[in-house]
Each structure stands twice: as structure tokens, then as C-alpha cells.
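Given next are the chains, with one letter for each unit.
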Amino acid sequence: MLTAAVLLVAPVDHQHLPVLAVQGLAVLGLVLGGGLALATLVLPEGLRLGRFTLRLPPLAVMGRILALATLDTAFAAAALWALLPGTEPLSFLTLYPAFLLAQGAGLVSNTPGGVGPFEITLITLLPGTAQPELIAAILAWRIVYYGLPALAAITLVALRPAHVLRKSTVLLPAEAPKPLLRRALAGPQAELGLLRQGEHGLCPAIAAPAAGWSGAAPAPLTGLLDPFGATPVPVLLERLRSSARAEGRVACLYKISPASRRRRPGRRAGSSPRSRPRSGLIPPASI
């Protein structure tokens, strides 16, 4: 959608690409992108294609991705534009749409960093720019855009544990403190055994198992069973919500006891209660 929007406003100027044709394709891209955004509202459970289900991210996550992609590509194109020699009379509005198409060609080709298709696309779409100067600017841009961030990321990962780098506060069982994990597993509920499977986790402040749980909302992060500890319930709920927001998910609660429900803030906190199933025991001998 970003490339389509940019091409609609600033279409590339090439002898083999008529402006009206470029803008027509841009309108088609915007229509398809808008259809996907609408599908997240109409089909929150995902689009079924035979035996497969295509799950789309929530609309808010799509908006965040689009905003971040705009900032990322704009600054990346600005870095390349700044590295071009001053003798090249190339405006940023001319470079940006060609840059987006070159990035797309690199992604589709699946080559490391888009090497090859990116350069060929830029050279083709910018025929008025001298090739040696353009190639030199691209090489310098790759060092700035890929090399320096890679070195910074390697340093950061080497100095800090992986769970510290995550925005989410949900810890996998292998990352959770041992006393907290033992306390959770000592509970009477059979569902706590799910922690041993590795797909569920613990919120340090919530101290309740949390996992992706299939439900009416897309990709929820569910606080399973009652929290334990002396932390106030509103603080625990805000911790769960912040973890869900960091992962682009929806915070939910499941199998909360009546006592915990009475301590839970009502609709003022943005919660929406659903029907509550009852648990029961069925002796195997009676089946």
C-alpha cells in the first residue's frame, strides 16, 4: 500500500512506463490493500482457503506496520539520496518511488539484502543518473543501512539477555525464575501443567500463565486462571495489557474465579465480559 500510495502521488518517469499506467496500477494496489484491511474487520477469525486459514493482523497492527514502513523507507531513501554526488540533479521525490520499487524487487528475489535486483531496478528506473556514481552511492548506503545496524545489534545481543530485549513481559518457563515457576506449577488446576509444554509463559508481575488462546478476538494473549501474589489486580491487568500491546495482540482472561472477578475492574477499564463456562469433574467409571 505504501508503494502504491507513493506511485499515485509521484509516479516514476520512464520511457517504457506511461504515467497513467503506473497510476492505474497504484490505484489497483490501494484497492487490494484496502480490501485486506476491510477483511480484518469482516473476518476476524481469518480467511479459510480449503484446509488452510489465512490469519491477518489486526487493523491497529496494520496501521503501525504501515507507519513504521513509511518512516523506515523514507529515512533509508534519504540516506541514499544524501550519498549521491552533488553533481547529480536528482530530487528526493524522483528517487523515493524508484527506491520503493527496487526494495520490492529485492524482497521478491529473496537474495540476501536484495543484492542484484535492487541495483538493477534502480539503474533501470533512474536512466538519467550516471551508473558509476549511483553504484558507489549504493555501496556506501549498504554499509550505513545494513553494516552499522548489524554491528550495533550484535553488540546489544551479546551484552544483554534475550528476554531483556523483548518488549513483552511474558517469560517462557526456561526464562522464568525457578521459585516463581515452582509456585505456579504447585497450583491445584490441571491446566497449569501446560507450562511444561513450553508454549505458555509467566508474567512476572501477574504470575499467572499466559498464552496465545484461540477465541473470538484475533491472537489474544490470555491470562489463564487466577493470579497469585499480593500485587493489586489493576496492576496485574495493566501488565497483561502492556504485554499484549507489545506483541500486537488482545489481552483476555480465562477461567477466573468469582473472587478474582469481584476484584477485577469493570467496563471502565475497557474489559468486555463474555459467558463464563463452569468446570466440573467427571469420574471415568461413570462414562
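Everything here concerns the structure above.
J.: Break down the pattern of salt bridges for me, citing the residues and quoting the values.
T.: All told, the structure shown has two salt bridges when counted by the stated rule. Taking the shortest distance from any N to any O, the salt bridge between Glu 119 and Arg 142 comes out at 2.9 Å. Within this pair, whereas Glu 119 is found in helix α5 (residues 117-125), its partner Arg 142 is found in helix α6 (residues 131-159), the two being separated by 23 residues in sequence. With a relative accessible area of 13%, Glu 119 lands in the buried category. On the accessibility criterion, Arg 142 (13% relative accessible area) is buried. Between Arg 241 and Glu 238 there is a salt bridge, with the nearest N and O atoms lying 3.9 Å from each other. You can see Arg 241 and its partner Glu 238 sitting in helix α9 (residues 233-246), three residues apart, about one turn around the helix. Here Glu 238 falls in the partly exposed class, since its relative accessible area comes to 37%.

J.: Just give me the short version of α6, but keep the residues and values in it.
T.: Working note: α-helix, 3.6 residues per turn, so residues spaced by three or four point in the same direction. Here α6 is 29 residues long and its end C-alpha atoms lie 41 Å apart, about the 42 Å a rise of 1.5 Å per residue gives. Its maximal kink placed at Ile 143, α6 deviates by approximately 25°. Summarising the contacts, the buried residues of α6 are in contact with α3 (59-83), α4 (92-109) and α5.

J.: Go over the pairing of strand β5 (residues 220-224) with me, naming the residues and quoting the values.
T.: Within β5, five of the five residues are buried, which leaves it mostly tucked inside the rest of the structure. What you see with β5 is no split at all: Pro 220, Thr 222 and Leu 224 on one side and Leu 221 and Gly 223 on the other are buried throughout. With five bridges connecting them, β5 and strand β6 (residues 250-254) associate as parallel partners. Paired with Pro 220 across the bridge in β6 is Val 250.

J.: Can you break down the environment of Gly 34 residue by residue, with the values?
T.: Relative to the helices and strands, Gly 34 resides in helix α2 (residues 19-42). With a relative accessible area of 31%, Gly 34 lands in the partly exposed category. Between the C-alpha atoms of Gly 34 and Met 1, which are 33 residues apart in sequence, the distance is 8.2 Å.

J.: If you had to explain helix α8 (residues 178-185) to someone new, which residues and values would you point to?
T.: Among all positions in α8, only Leu 180, Leu 181 and Ala 184 are buried. Around the axis of α8, the buried residues are gathered within 100° of arc, so they sit on the same side. More than 90 degrees from the buried face of α8, the exposed residues found are Pro 179, Arg 182 and Arg 183. Check the buried side of α8 and you find it contacts β3 (201-202).

J.: Tell me about the nonpolar core, residues and numbers included.
T.: Grouped together as the largest cluster of nonpolar side chains are 21 residues, with contacts concentrated most on Leu 80, Leu 95, Phe 99, Phe 118 and Leu 122. Put simply, the parts of the chain that give this core at least two residues each are α1 (2-9), α3, α4, α5 and α6. Those residues in contact with Phe 99 that sit more than four places away from it in its chain are Thr 73, Ala 76, Ala 77, Leu 80, Phe 118, Leu 122 and Trp 141. With seven residues, the next largest nonpolar core counts Leu 171, Ala 176, Leu 181 and Leu 202 among its residues.

J.: Which residues make up the side chain of Thr 73, and what are the values?
T.: Structurally, Thr 73 is set in helix α3. Classification of Thr 73 by relative accessible area gives buried; the value is 10%. One polar contact links the side chain of Thr 73 to the main-chain carbonyl oxygen of Ala 69, over a distance of 2.7 Å. For Thr 73, the side chain forms a polar contact with the side chain of Tyr 96, separated by 2.8 Å.

About the cut-offs
- Residues numbered from 1 in each chain as written.
- Predicted model: local features only at pLDDT ≥ 70, side-chain atom pairs only at ≥ 80, totals over all residues.
- Heavy atoms only, no water.
- Salt bridge = Lys/Arg side-chain N within 4 Å of Asp/Glu carboxyl O.
- Helix = DSSP H or I, 4+ residues; strand = E, 2+ residues; numbered from the N terminus.
- Buried < 20%, exposed > 50% of the residue type's maximum accessible area, 1.4 Å probe, protein only.
- Expected span 1.5 Å × (residues − 1).
- Bend = angle between axes of the 7 residues up to and from the residue.
- Contact = heavy atoms within 4.5 Å.
- Pairing = 2+ DSSP bridges.
- Arc of directions from axis to C-beta.
- Core = buried A, V, L, I, M, F, W, Y, C linked by side-chain atoms within 4.5 Å.
- Polar contact = N/O pair within 3.5 Å; in protein donor to acceptor, adjacent residues only side chain to side chain.

Remember, this is a structural readout, not a statement about activity or role.
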